[in-house]
Amino acid sequence: MEIKRDFVDRDVPGILDLTLSVYPAEQDGGGPPAENTGDGYFDQPVDYFDQPVDDQPAYLAEMTFHLEFDPYFTAQGTLLELNRTFALDGQTFTLQEAEIYPTHLRLTLTADPDNTAWLAGLDLYLENEHGERFEKSLGGITASGDPEGEGMGTFWLDSPFFSQGEHLTLHITGVRWKDKDAPPVKLNLAEGTAENLPEGTWFQGAKRLPEGWIVYLVSPLMENRTMGSVFSRGAWDEDGNYYEIWQFGSSYGYWDETAQERVGEDRWYTEDFPLAGLAGDTAYLDPCYNRMAAVDAAVPIQ
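We now turn to the structure provided with this report. Model, not experiment: these values are computed from the prediction.

### A word on unusual backbone geometry
Piece 1. Of note, Asn 196 is a non-glycine position whose phi angle comes to about 65°, a positive value.
Piece 2. Here Asn 196 lies in the loop between β12 (193-195) and β13 (202-209).
Piece 3. Its relative accessible area of 38% is what places Asn 196 among the partly exposed residues.
Piece 4. Here the phi dihedral of Gln 260 falls at roughly 55°; this positive angle occurs in a residue that is not glycine.
Piece 5. For Gln 260, a relative accessible area of 46% corresponds to the partly exposed category.

Here is the structure:
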C-alpha cells in the first residue's frame, strides 16, 4: 500500500505526523446486499440515490508516525525560467517555468487570452538526451487549475532529479479542450437522445425510478487506461433548478444489448450517476471538455 501526499500551494514541511486508523474489512451488522434495480446495465442498488454519509467505522487501532524529512531532499530544487511560447492545435501557450525537485517536476503554462478554448487536459511526457522518459505522476496529483481561467495551468510529472541527463524536452501527444463558447450538454432522458456531447462520448441510456434518473454514458479511455470525469458534479433542468450529483460510478467497457455482455474494455468505459429528485425528462450538464486532438509538439526545457 502506498500513501501519497501532495503539497500543492506550499513547501514540504520539515516534520509531519501521520496518523493511521485501522478498521476491519467487514463491519458487523451490515445486513444483506442491496437490491439491484434490474436488467442489463441498469444494475445500480436502490440506495444509489441516497446522499453519501461519512460514517466513521469502528476502528480497531490508531497509530501515529512522527516523520522528520531530510532537508537535503525536501529543501533543494531547481527553478528554470523558460517563457517559451508555442502553438498547440491552433491555440497559443507559454511554458513559463519548470520546477525540478527530488520528488517531482512541475510545469507551469499560461494561456493566451485570445485562445478560443480552455486547456482541459494534456497527454505529455519528458525525455532526456539518453531516451529516459518521465511520465505524469501516478497515484497523486497530475494537474491543477489555471488561476487566470477555467483550464489547467500546472502539470506534475515524475522527477528527472536523479537522472544523468542534462537536456530535457517536453513532448505533448494529446490535448483536451473546453471551448469557451460551447453550449451545455442537453440530455433527453426519456427518448435517450443527447446534444453537444463531448467528442467520443455517447449517451447509452437512462432509467427513471421513483427517486429520479440513473444516467449512463460511454467515453473513450484516457492514456494508461484511466477513467476520468467527463462532467462536473451537477445538472440543471429546463427551469434552471440545480441538482447536485453526489456520486459517479465507472467501469471498463460498456453493455452491449444485442450480445448481452460487456464489451470494449480495452477502449471504453461507462460512467453512471444518479439525478436524484429530477422529475422532468431533460437535464443539462457542464462537460469537463468538448473535444480532443492528437498532437505532436516538442518544447525544449533545458
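### Things to note about the packing of aromatic side chains
Piece 1. This model, assessed by the stated rule, comprises 8 aromatic pairs.
Piece 2. Aromatic side chains Phe 93 and Trp 177 sit 5.9 Å apart centroid to centroid with 20° between the ring planes, which places their arrangement in the stacked category. Placement of Phe 93 in strand β4 (residues 91-100) and of Trp 177 in strand β10 (residues 168-179) is noted, with a sequence separation of 84 residues between them. Just as Phe 93 is buried, Trp 177 falls in that class too.
Piece 3. Lying over the aromatic face of Tyr 125, Arg 133 brings its terminal NZ or CZ to 3.6 Å of the ring centre.

### Comments concerning the sheet that holds strand β21 (residues 282-287)
Piece 1. With respect to topology, 5 strands assemble into an open sheet ordered β12-β11-β21-β15-β16, the strand pairing being antiparallel. The sheet terminates laterally at β12 and β16 (242-244), the two strands that pair on one side only. The average undirected angle you get between the axes of adjacent strands in this sheet is 30°.
Piece 2. Two strands pair when backbone bridges link them, and strand β11 (residues 185-188) and β21 are joined in this way by 4 bridges, in the antiparallel orientation. Across the sheet, the residue bridging to Leu 187 is Ala 283, located in β21.

### Quick notes on the side chain of Thr 108
Piece 1. Relative to the assigned elements, Thr 108 resides in strand β5 (residues 105-111).
Piece 2. Filtering out sequence-adjacent residues up to four positions away, Thr 108 remains in contact with Thr 94, Leu 95, Gln 96, Glu 97, Gly 153 and Thr 154.

### So, the pairing of β4
Piece 1. Across the 10 residues that make up β4, a large majority, 8, are buried.
Piece 2. Relative to β4, strand β3 (residues 78-88) runs antiparallel, the two being bridged by 9 bridges. Paired with Thr 85 across the strands is Thr 94, a residue of β4.
Piece 3. The turn linking β3 back onto β4 is made up of 2 residues, and Asp 89 within it adopts a positive phi angle of 55°.
Piece 4. Of the pairings in the sheet, the one linking β4 to β5 comprises 7 bridges and is antiparallel in character. The residue of β5 that forms the bridge with Glu 99 is Arg 106.
Piece 5. Counting the residues between successive antiparallel strands, the hairpin from β4 to β5 contains 4 residues.

Calculation rules
Residues numbered from 1 in each chain as written. Predicted model: local features only at pLDDT ≥ 70, side-chain atom pairs only at ≥ 80, totals over all residues. Heavy atoms only, no water. Helix = DSSP H or I, 4+ residues; strand = E, 2+ residues; numbered from the N terminus. Buried < 20%, exposed > 50% of the residue type's maximum accessible area, 1.4 Å probe, protein only. Phe/Tyr/Trp six-rings, centres within 6.5 Å; stacked < 30°, edge-to-face > 60°. Lys NZ or Arg CZ within 6 Å of the ring centre and 35° of its normal. Pairing = 2+ DSSP bridges. Axes fitted to C-alpha atoms, helices over the stretch in contact; angles between N-to-C directions. Contact = heavy atoms within 4.5 Å.

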